[in-house]
Amino acid sequence: MATGAVAATAVTAAGAALASSPARAADGTADRAGDTFTLGKREHRVFQHGVASGDPLPEAVLLWTRVTPTPEATPGSGRGGPVTVRWEVARDARFRKVVSSGRFRTSAARDHTVKLDAKGLRPETEYFYRFSALGQRSPIGRLRTAPGERATPDNLRLGVVSCANLEAGFFSAYRGLAERDDLHAVLHLGDYLYEYPTGDYGLGPDNVVVRPHDPPTEMVSLEDYRRRHANYKSDPDLQALHARYSWIVTWDDHEVTNDQWKAGAENHQPGPASEGGEGDYKVRRARAHRAYDEWMPVRMDGTARLDDGARLYRRLRFGDLAEISMLDLRTYRDEQVATALPTPVPALEAEVSDPERTITGTRQMEWLKDALSRGNRTAQWKVIGNPVMIAPVTFADLPNQLLDPISDVTGLLPKDGLPYNVDQWDGYTADRREVLGHIRDKQVKDVLFVTGDIHSGWACELPLDTSTVPVVGDSYGVEFVCASVTSNNLKDITGAPQASPLVETTILANNRHIKYLDFDSHGFSVLDITAERAQMDWYVIGDRAVADTPITWSVSYETRAGTGRVTPVDAPLEA
């Protein structure tokens, strides 16, 4: 719910992020594009959920908005007739130099969302875009196309975020990124929204509800998923960041439901509703994927069309400097190993190393390996948008030459030590070894995994055998993990800030390839890539329950080209 503080934040962020000119309805006026128009004797806003762009290519960018043709045509309601929406892309904020335009017909069948590819654009160029319908204009968005495949850009700078739970606080991290003017795009690594009912997963150990979810129940039906997407896209800071930069997104689990895998989920009870069940899991997932396709600025199965597939893993090229491979680590994975004790108690189960179990699925694994080692066909930096951590976080690790013979005979011990969290790559160590072994065997350099999910900040090297680090052995890549936007971290869950330093010290002592760990902060990161290095800056917010909470720089780490190593940096990048 908007308060005076939220409204002030929205105006500040929107003023910094959007270049908007006055818009007029046929029978009404507004002070600013996107504001309430007086239509006849009643007020009604057509563009209530902002605008967005995504998946920038050299000559095309995907555009998105949602129209509300009548007050009754609320998200998920199925109400409201068809609407024709006009879209425009221009070189200037006043739209005197329109370079691309068209019309799009939307209806309740697609929840009145608009999603299309604006084509015929120039590489590495900034544009402005807007929509109009029913006598009103949308807010103005800005986007930047990717460089051409053979271009040599000086740098690529991305905002990095994940895990934004609306009930746990204000999206100050989005505000901080929207106020910047130095990014090329925003990388969102999953948990864009959460499925829980109001009060189940709020702020801190008492689950305080800072802002309530809509619908208040857990999302299960298609209407539920549509309404929850709308709930999140009503946030002013989220709208400002979507309008300011193109987003490159993937999902983790909460876009469907907690700890999902290819045939089920921890937070899904099969069976009829009359018996307390939530129906068939794959039907529920299909609804979630449909709503995601409608409401997110992303090409699924490579297109802006709906219902042509749900494949989310894809590649985006930024000249010869970087190629981003966005992974989907939920749709194809096998079920997580059932551990004797819950996370974070280290797991003893040897099944985590079963080569028959997968987190990527066979086709996505081959696609990933191809992305890593295509020789002259790929860019210098291989950036992997990774929903869950790939770096080992283990305890009691033994050298591979000692552990492998024991495991071959007894099958009692997991490879790579006792894992901290079997929901990430630690629960699928055969897949991790296949990826890192491929990097080693093909002598691939400059591999950078950028990761969300775990609600904490990390900077890690990626060895095949963690037990020998740093005495012998190589690192076959680097992983940078961003903190959560609002979702609870260790301090929040336990309510005991003094516990975090002890846990951090224990993990760092048992995992010498991990160079940085912060279990207590929320915020965003900024990743800057040049031919010489990739640097990640971590920014942290203050109180999640305060809309205008301060934002401060925390730490920075870099990896130099060709090294596969992580080192600290004394200062953040200049904005």
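In what follows, the accompanying structure is described. Model, not experiment: these values are computed from the prediction.

## What to know about the packing of aromatic side chains
Then step 1. All told, the structure shown has 17 aromatic pairs when counted by the stated rule.
Then step 2. Through successive ring pairs, a cluster of aromatic residues spans F171, Y174, Y192, Y232 and W247.
Then step 3. R211 extends its terminal NZ or CZ atom over the ring of F171, reaching a point 4.8 Å from the ring centre.
Then step 4. A cation sits over an aromatic face here: R311 above Y313, 4.7 Å from the ring centre.

## Considering the pattern of salt bridges
Then step 1. For the structure shown, the criterion picks out 36 salt bridges.
Then step 2. Between D181 and R244 there is a salt bridge, and its shortest N-O distance comes to 2.2 Å. Of this pair, D181 sits in the loop between α2 (172-178) and β14 (185-188) while R244 sits in helix α4 (residues 236-244); the two residues are 63 residues apart in sequence, bridging distant segments of the chain.
Then step 3. Taking relative accessible area as the criterion, R244 reaches 4% and is therefore assigned buried.

## A closer look at the pairing of strand β27 (residues 523-529)
Then step 1. In terms of residue burial, β27 counts as a mostly covered element, since seven of its seven residues are buried.
Then step 2. As judged from the five bridges shared by strand β13 (residues 156-161) and β27, these two strands associate in the antiparallel manner. Note that in β27 the partner of V160 across the bridge is S525.
Then step 3. Pairing of β27 with strand β28 (residues 533-541), which is carried by seven bridges, proceeds in the antiparallel orientation. Residue pairing across strands places S525 opposite W538, the latter belonging to β28.
Then step 4. Turn length for the β27-β28 hairpin, with the two strands adjacent in sequence and antiparallel, is three residues.

## Notes on the packing of helix α3 (residues 222-232) against helix α5 (residues 281-295)
For any two helices packed against each other, one specifies the inter-axial angle together with the distance between the axes.
Then step 1. Interaxial distance between α3 and α5 falls to 9 Å at its minimum, and their mutual angle equals 35°. Seen along the crossing, α3 lies across α5 with a hand that is right-handed. In this structure, α3 contributes L222, Y225, R226, H229 and A230 to the contact, and α5 contributes R284, R287, A288, R290, A291, Y292, E294 and W295.
Then step 2. Here the contact of α3 with α5 is built from residues that sort into seven nonpolar, one polar and five charged.

## Digging into empty space enclosed by the protein
Then step 1. Under the definition given, this model contains four cavities of 30 Å³ or more.
Then step 2. Taken together, 13 residues form the lining of the largest cavity, with R144, P147, L156, H184 and F318 sitting closest to its centre.
Then step 3. Its residues assigned to classes, the lining of the largest cavity shows eight nonpolar, three polar and two charged.

## With respect to α3
Then step 1. In terms of burial, α3 is largely enclosed, as eight of its 11 residues are buried.
Then step 2. Listed as buried for α3 are D224, Y225, R226, R228, H229, A230, N231 and Y232.
Then step 3. Here the buried face of α3 lies against α4 and α5.

## Section: the nonpolar core
Then step 1. Core analysis: the biggest nonpolar cluster contains 41 residues, and F171, Y174, L241, W247 and Y292 have the highest contact counts within it.
Then step 2. Listing elements by their share of this core, those giving two or more residues are α2, α3, α4, β15 (247-249), α5 and β27.
Then step 3. In contact with W247, other than residues within four places in its own chain, are S53, G54, D55, Y174, V186, H188, Y192, L238, L241, H242 and P297.
Then step 4. In terms of nonpolar packing, the next biggest core, distinct from the first, is built from 36 residues, Y313, I359, M365 and I514 among them.

What counts as what
Residues numbered from 1 in each chain as written. Predicted model: local features only at pLDDT ≥ 70, side-chain atom pairs only at ≥ 80, totals over all residues. Heavy atoms only, no water. Phe/Tyr/Trp six-rings, centres within 6.5 Å; stacked < 30°, edge-to-face > 60°. Lys NZ or Arg CZ within 6 Å of the ring centre and 35° of its normal. Salt bridge = Lys/Arg side-chain N within 4 Å of Asp/Glu carboxyl O. Helix = DSSP H or I, 4+ residues; strand = E, 2+ residues; numbered from the N terminus. Buried < 20%, exposed > 50% of the residue type's maximum accessible area, 1.4 Å probe, protein only. Pairing = 2+ DSSP bridges. Axes fitted to C-alpha atoms, helices over the stretch in contact; angles between N-to-C directions. Left-handed = near helix turned anticlockwise from the far one by under 90°. Contact = heavy atoms within 4.5 Å. Nonpolar A, V, L, I, M, F, W, Y, C, P; charged D, E, K, R; others polar. 1 Å grid on protein atoms, 1.4 Å probe; cavity = no way out; pocket = protein on both sides within 12 Å on 5 of 7 lines; lining within 4 Å. Points joined across faces, edges and corners; volume = space filled by probe spheres on them. Core = buried A, V, L, I, M, F, W, Y, C linked by side-chain atoms within 4.5 Å.

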